Amino acid sequence: MPKFAPALCLSLIVAAAALPCAAGAAEGGATRADAEAMVKKGVAYIKSAGDAKAYGEITAKAPQFILHDLYLVVYKLDGTVVAHGANQKMVGKNLIELKDIDGKAFVKERVELAKSKGTFWQEYKFTNPENKKIEPKAMYCEKLADTVVCGGIYL
């Protein structure tokens, strides 16, 4: 066996180990940049079209507000959902006490961050609507008047 064979074998093993990660990225999960762009697009649309029309389109899963596993959610600052791009049954519900699998009151934290920071990233765990598995999620949010507009990615 030539001298370079162990190094070549190690290189192939390392490359093969990276394949599942590369395949996952190729499957089309949204990125942090996608989330930020989607939220900014949502904020601009709410400002131009008005609350009722924009919230209706976000909840109806209008194509401009859906990208892979990325969708928008809009909350009033009391935790009430006014638009939800993955589950229209959530609209009108106050989720301020909702907790993730680790007990994190993420909606409460989200509205508090909106009030104190205005624009932020937040991490928690949530059910991915595409595969129905609980996964780590990062949510990008921007405060808009008395609401917070958010879009998240699964990590």
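The structure presented is a predicted model; accordingly, all values stated were derived computationally and were not measured.

Cut-off values and rules
- Residues numbered from 1 in each chain as written.
- Predicted model: local features only at pLDDT ≥ 70, side-chain atom pairs only at ≥ 80, totals over all residues.
- Heavy atoms only, no water.
- Buried < 20%, exposed > 50% of the residue type's maximum accessible area, 1.4 Å probe, protein only.
- Helix = DSSP H or I, 4+ residues; strand = E, 2+ residues; numbered from the N terminus.
- Pairing = 2+ DSSP bridges.
- Polar contact = N/O pair within 3.5 Å; in protein donor to acceptor, adjacent residues only side chain to side chain.
- Disulfide = S-S within 2.5 Å.

Draft legend 1. Expanded view of the pairing of strand S5 (residues 134–144). Among the eleven residues that make up S5, eight are buried, leaving the element largely enclosed by the rest of the structure. Examined bridge by bridge, strand S4 (residues 119–127) and S5 share nine bridges and lie antiparallel to one another. Residue pairing in the sheet places Phe120 in a bridge with Cys141 of S5. In textbook terms, the turn of a hairpin is the stretch between consecutive antiparallel strands, and for S4 and S5 this stretch comprises six residues, one of which, Lys132, has a positive phi near 65 degrees. Across eight bridges, the pairing between S5 and strand S6 (residues 147–154) is antiparallel.

Draft legend 2. Broad picture of the side chain of Gln122. Along the chain, Gln122 falls in strand S4. Owing to a relative accessible area of 2%, Gln122 belongs among the buried residues under this scheme. Among the polar contacts listed, one links the side chain of Gln122 to the backbone oxygen of Phe106, at a separation of 2.8 Å.

Draft legend 3. Representation of the state of the cysteines. According to the stated counting rule, one finds one disulfide in the structure shown. With a sulfur-sulfur separation of 2.2 Å, Cys141 is cross-linked through a disulfide to Cys150. Judged by the torsion about the S-S bond (115 degrees), the Cys141/Cys150 disulfide is right-handed. For Cys141, a relative accessible area of 0% corresponds to the buried category.

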